[in-house]
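Each chain is listed here by its residues.
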Amino acid sequence: MRKLCAMSVVLALAGAARAEVLDQSSPVFNTGFNGDASVLTWQQEVRVGIAGKLTRVEIDINNPGSAFFFINVGAPWQTDANDFQATITASNTGTFSIDVSSANINLNVDDRFVIGIQGTDQGLAFTGSGFPGLYDRGELWLNAQVFVGAGEFDIAFNTYMEEGTSCNGNETLK
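The rules behind each value
- Residues numbered from 1 in each chain as written.
- Predicted model: local features only at pLDDT ≥ 70, side-chain atom pairs only at ≥ 80, totals over all residues.
- Heavy atoms only, no water.
- Helix = DSSP H or I, 4+ residues; strand = E, 2+ residues; numbered from the N terminus.
- Buried < 20%, exposed > 50% of the residue type's maximum accessible area, 1.4 Å probe, protein only.
- Contact = heavy atoms within 4.5 Å.
- Areas by Shrake-Rupley, 256 points an atom, 1.4 Å probe, with all protein chains shown as cover.
- Pairing = 2+ DSSP bridges.
- Salt bridge = Lys/Arg side-chain N within 4 Å of Asp/Glu carboxyl O.
- Phe/Tyr/Trp six-rings, centres within 6.5 Å; stacked < 30°, edge-to-face > 60°.

Caption draft 1: Representation of the overall build of the protein. Along the protein, the regular secondary structure elements total 1 helix and 14 strands. Split into buried and exposed, the 174 residues of the protein put 41% on the buried side. For the protein, long-range pairs separated by at least 24 residues make up 83% of all intrachain contacts whose partners lie at least 6 apart in sequence. For the protein, the accessible area works out to roughly 9,100 Å², and carbon and sulfur atoms hold 52% of it.

Structure (structure tokens):
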């Protein structure tokens, strides 16, 4: 009976460690962005608040269409290979969720990454804020430059983490 109880506790703790939680959020406020034009590449800098595995990103669509979506670990402007990428197609306006868990992106508190959107000339538009300070943990970039001015614009997004301690390679078993 003790072994069964101990196993139940271990399984319950393992399940709790895998719960997806909201990490970062940038609100929809007053601005729309062109996710249509193939000459435009947006990178929203995000600074991690909860250590763990990045599982999902939500963006807010204000015009349905398709675009190239990517996640790239590090500060903007990112030009190396993406850590996650997909062509997304939104058929409705509102919250659009992208499951990025397959990329196994593990991050520590204060690590930075970018949410990237590049147009494919397929009509997509997304929302955000042009009101300074609504998301103060990262900058919005367009085509390798801060968009308009530091802290002035951000896309609307939510990021979700599977809580846990991210590994840095220096861990040892006890």
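Caption draft 2: Representation of the sheet that holds strand E12 (residues 145-146). The strand order across the open sheet formed by 6 strands is E6-E5-E9-E3-E11-E12, and the pairing between neighbours is antiparallel. Whereas interior strands pair on both sides, the edge strands pair on one side only; in this sheet they are strand E6 (84-90) and E12. In this sheet, strand E9 (residues 112-122) lies alongside strand E3 (residues 41-47) in antiparallel orientation, the contact comprising 7 bridges. Bridged to Gln43 within E9 is Gly116.

Caption draft 3: Examining the pattern of salt bridges more closely. This model, assessed by the stated rule, comprises 4 salt bridges. Across the salt bridge formed by Glu45 and Arg112, the nearest N and O atoms sit 2.9 Å from each other. Within this pair, whereas Glu45 is found in strand E3, its partner Arg112 is found in strand E9, the two being separated by 67 residues in sequence. The exposure class of Arg112 is partly exposed, given its relative accessible area of 33%. Members of the salt-bridge network, linked through shared partners, are Glu20, Arg56 and Glu58.

Caption draft 4: Quick look at the pairing of strand E4 (residues 52-63). For E4, the buried fraction is high: 10 of the 12 residues fall into the buried class. Alignment of E4 against strand E8 (residues 105-107), held across 3 bridges, turns out to be antiparallel. Looking at the pairing, Leu54 lines up with Ile105 of E8. Strand direction decides the pairing type here: E4 and strand E14 (residues 157-163), joined by 7 bridges, are antiparallel. Within the sheet, the bridge partner assigned to Leu54 lies in E14 and is Met161. In terms of strand pairing, E4 meets strand E7 (residues 94-99) through 6 bridges, oriented antiparallel. Paired with Arg56 across the strands is Asp99, a residue of E7.

Caption draft 5: Here's a closer look at the packing of aromatic side chains. Summed over the entire model, instances satisfying the criterion amount to 11 aromatic pairs. Taking 5.0 Å as the distance between ring centres and 70° as the angle between the ring planes, the aromatic pair formed by Trp42 and Phe147 counts as edge-to-face. Taken together, the positions of Trp42 in strand E3 and Phe147 in the loop between E12 and strand E13 (154-155) put the pair 105 residues apart, joining distant regions of the chain. With 5.2 Å between their ring centres and 75° between their planes, Phe147 and Phe153 make a pair best called edge-to-face. Aromatic rings pair up to connect Phe33, Trp42, Phe126, Phe147 and Phe153 into one cluster.

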